[in-house]
Amino acid sequence: METSSTTTLVTIILFFLLLPSPPTSRTIATIQVCLTGELKNFSSGDATSLNEVCSDRSAEININANIPATTKTLKATNWMKFYDIAKEAIPVNPSINLTKDIDEIIKKITAVILTAINQSTKANIINVPHRKLLPCITNKFTLRNQIKKIWQITYDSRFKRKSTQITNEIKADLKQYDQVAWTERLLNLNQEDLSIYNATRKFSRKFHKIPPILDTDGLNYTSLGKANAFKYSLENSFQTNPKPYVNSHISEVNKAVQNFLNSTKNDKNIKLTSPIEIQAVIKTIYSKMATGPDGIPNKALKIIPPNLLTCITKVFNKCLFHHHFPPFWKIAHMLMFPKPGQNHKPPGNYGPISLLSNLGKIYENSF
């Protein structure tokens, strides 16, 4: 079938589609909606039946798709602005008398740091350019769609075969187009603008996809199912020791621990820390270390203002004086990494790594 004859046939059928169809029975019909405007910030939604349309058909539209945005965002934090916001947001000498006061101040410090980061962070939208296809390829897309619409109306096998043929031609043209574009990109790499270094870094980065995790109820493919499988596996691994217990050894350990706690309970000569010591510990931490459950990055802790550093120092000293370790710093985000050379479906073949609060780790390293 020639292209000119196909275009003429498409024009004739589209002309008849513009005519109103005769009344039919009141059944739910499928409607193809053509959007001529620009659709922004569309993610998901629900629609119900519209019975007030000017027709004798009741249309039902159900949108269950989650369409991601086509643009990418790059977040950049103005750390000087963060410094100024954090400096004005917290008192220098808060009142701390009880352990609950310590927990409240820690919550406030965390909120101040996270709020300052959010207020000083700007998201820059990166418009990713689409592939600029050649006119010969885009014309095939247009022709294929027109023939496909004709087949959906007439159910003529000739249009179906022609649509499949053009689809195969489009796939071959796109493969050749991508190959040519990739060859040009490799030839344009050079050392002066570090493009060859960035390309090598991307190629050498490994991506490990977590396979389905085997649980008691079968294979789990979803993220929630995998997380539950890991949870049950860790619960089974960390159990109390089986009987018989060595009661004499347990009593000796409990007595030693109790004696230590009693000896330090009323100790007034506890060596406290200072802001200079805390600052020295902060300088040794790695800036790009992953955050814990509180979400405070090490980059922010490295440039906190002096009044916030003084407040953190007072919190650390009060924790040491009251023999208190805040419960927020005991919670960790656990990551599961596969053990090399083993089957990655059983959850027991993964090793856990815990991400604790960076502020809590500084407290542990300060004494």
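Residues numbered from 1 in each chain as written. Predicted model: local features only at pLDDT ≥ 70, side-chain atom pairs only at ≥ 80, totals over all residues. Heavy atoms only, no water.

Visitor: Which parts of the structure should I look at to understand the overall build of the protein?
Guide: Looking only at helices and strands, one finds twelve helices and eight strands in the protein. Looking at the protein residue by residue over its 367 residues, the buried ones come to 23%. Within the protein, counting contacts between residues at least 6 apart in sequence, those at least 24 apart form 69% of the total. For the protein, the accessible area works out to roughly 27100 Å², and carbon and sulfur atoms hold 58% of it. (Helix = DSSP H or I, 4+ residues; strand = E, 2+ residues; numbered from the N terminus. Buried < 20%, exposed > 50% of the residue type's maximum accessible area, 1.4 Å probe, protein only. Contact = heavy atoms within 4.5 Å. Areas by Shrake-Rupley, 256 points an atom, 1.4 Å probe, with all protein chains shown as cover.)

Visitor: Explain the packing of helix α2 (residues 79-87) against helix α3 (residues 99-119) to me, please; I cannot follow it from the model alone.
Guide: A pair of packed helices is captured by two measures, namely the crossing angle of their axes and the spacing between those axes. Contact pair α2 / α3: the axes reach a minimum separation of 8 Å and the direction vectors enclose 140°. Comparing their axes, α3 and α2 come out oblique. Between α2 and α3 lies a crossing whose hand is right-handed. Across from W79, K81, F82, I85 and A86 in α2, the residues of α3 making contact are V112, I113, A116, I117 and Q119. Class assignment of the residues belonging to the contact of α2 with α3 gives a composition of eight nonpolar, one polar and one charged. (Axes fitted to C-alpha atoms, helices over the stretch in contact; angles between N-to-C directions. Parallel < 35°, antiparallel > 145°, perpendicular 65-115°, else oblique. Left-handed = near helix turned anticlockwise from the far one by under 90°. Nonpolar A, V, L, I, M, F, W, Y, C, P; charged D, E, K, R; others polar.)

Visitor: How should the pattern of salt bridges be read in this particular structure?
Guide: A side chain with one charge may pair with a side chain of the opposite charge, provided their charged atoms come close. Throughout the structure, instances matching the rule amount to three salt bridges. Two residues, K140 and E169, come together in a salt bridge whose shortest N-O distance is 3.6 Å. On the criterion of sequence distance, the pair formed by K140 in helix α4 (residues 135-154) and E169 in helix α5 (residues 157-187) is long-range, its members being 29 residues apart. Overall, the relative accessible area of 26% leaves K140 in the partly exposed class. Residue class for E169 comes out partly exposed when judged on its relative accessible area of 31%. Within this structure, K140, E169 and D173 form a network of salt bridges that share partners. (Salt bridge = Lys/Arg side-chain N within 4 Å of Asp/Glu carboxyl O.)

Visitor: For this particular structure, what's the right way to read the nonpolar core?
Guide: Most often, soluble globular proteins keep nonpolar side chains buried together rather than apart. Counting residues in hydrophobic clusters, the biggest one holds 31 residues, and the most contacted among them are I109, I113, I282, L308, V315, F316 and I362. Once residues within four sequence positions are removed from consideration, I282 is found in contact with L301, K302, I304, L309 and I362. In terms of nonpolar packing, the next biggest core, distinct from the first, is built from eight residues, I137, I150, F159 and I166 among them. (Core = buried A, V, L, I, M, F, W, Y, C linked by side-chain atoms within 4.5 Å.)

Visitor: Explain unusual backbone geometry here, please?
Guide: Among all residues except glycine, the phi angle is most often negative; among peptide bonds, the trans geometry is most common. Positive phi values are uncommon outside glycine, yet Y155 reaches one of about 55°. Even without being glycine, H323 reaches a positive phi, approximately 50°. By secondary structure assignment, the location of H323 is in the loop between α11 (306-321) and β7 (333-338).

Visitor: Quick question: what am I supposed to make of the confidence of the model for the protein here?
Guide: The predicted coordinates should not be examined in detail at positions where pLDDT is low. Looking at the protein as a whole, its pLDDT mean stands at 77, while 77% of the residues score no less than 70. Scored below 50 in pLDDT, residues 1-70 shows 52 contacts in the model against residues more than four places distant or in partner chains. (pLDDT = per-residue confidence, 0-100.)

Visitor: Would you explain a nonpolar patch on the surface in this entry?
Guide: A cluster of nonpolar side chains, namely V253, V257, F260 and L261, defines an oily patch on the protein surface of about 360 Å² accessible area. Inspection of the secondary structure assignment puts F260 in helix α8 (residues 247-265). (Patch = residues over 30% accessible without salt bridge, like charges linked within 9 Å, V, L, I, M, F, W, Y side chains within 5 Å.)

Visitor: I keep staring at α3 and nothing clicks. Help me out?
Guide: The terminal C-alpha atoms of α3, which comprises 21 residues, lie 30 Å apart, in line with the 30 Å expected from a rise of 1.5 Å per residue. Those residues of α3 that sit buried are I102, D103, I105, I106, I109, T110, V112, I113, A116 and I117. (Expected span 1.5 Å × (residues − 1).)

Visitor: I'm lost on the packing of aromatic side chains in this one. Help?
Guide: Centre distance and the angle of the planes are the two values used to describe a pair of aromatic rings. Following the criterion strictly, the structure yields eight aromatic pairs and no others. Centre to centre, the rings of W151 and Y155 are 5.6 Å apart; their planes meet at 65°, and the pair counts as edge-to-face. Owing to a relative accessible area of 60%, Y155 belongs among the exposed residues under this scheme. For the ring pair F230 and Y350, a centre distance of 5.0 Å and an interplane angle of 70° mean the geometry is edge-to-face. Of the two residues, F230 sits in helix α7 (residues 223-237) while Y350 sits in strand β8 (residues 350-355), which places them 120 residues apart along the sequence. When its relative accessible area of 10% is taken as the criterion, F230 is described as buried. Aromatic ring contacts, followed pair by pair, group F316, F325, W329 and Y363 into a single cluster. Across the ring face of W151, the terminal group of K160 is positioned such that the distance to the ring centre comes to 4.7 Å. (Phe/Tyr/Trp six-rings, centres within 6.5 Å; stacked < 30°, edge-to-face > 60°. Lys NZ or Arg CZ within 6 Å of the ring centre and 35° of its normal.)

Visitor: Would you mind showing me how to read a positive patch on the surface here?
Guide: Among the surface-exposed residues, R185, R201, K202, R205 and K288 lie close enough to one another that they form a single positively charged patch. In this structure K288 comes out as exposed when scored by relative accessible area, which is 70%. (Lys, Arg positive; Asp, Glu negative; His and termini not counted. Charge placed at Lys NZ, Arg CZ, Asp CG, Glu CD.)

Visitor: Hey, could you run me through the environment of I125 in this one?
Guide: Along the chain, the position of I125 falls in strand β4 (residues 121-126). You can call I125 exposed: its relative accessible area is 58%.

Visitor: What is the right way to look at the environment of T115 in this model?
Guide: You can see T115 is positioned in helix α3. A sequence separation of 26 residues divides T115 from A89, and the C-alpha atoms of the two residues are 9.6 Å apart.

Visitor: Before we go on, may I ask you to explain the side chain of D294 in this structure?
Guide: Topologically, D294 is positioned in the loop between α9 (275-284) and α10 (298-301). No salt bridge is formed by the buried D294, whose closest oppositely charged neighbour, K361, lies at an N-O distance of 8.9 Å. Within the structure, the side chain of D294 is placed 3.4 Å from the backbone nitrogen of I296, a separation counted as a polar contact. Excluding residues that lie within four positions of it along the chain, D294 makes contacts with T110, L114 and S357. (Polar contact = N/O pair within 3.5 Å; in protein donor to acceptor, adjacent residues only side chain to side chain.)

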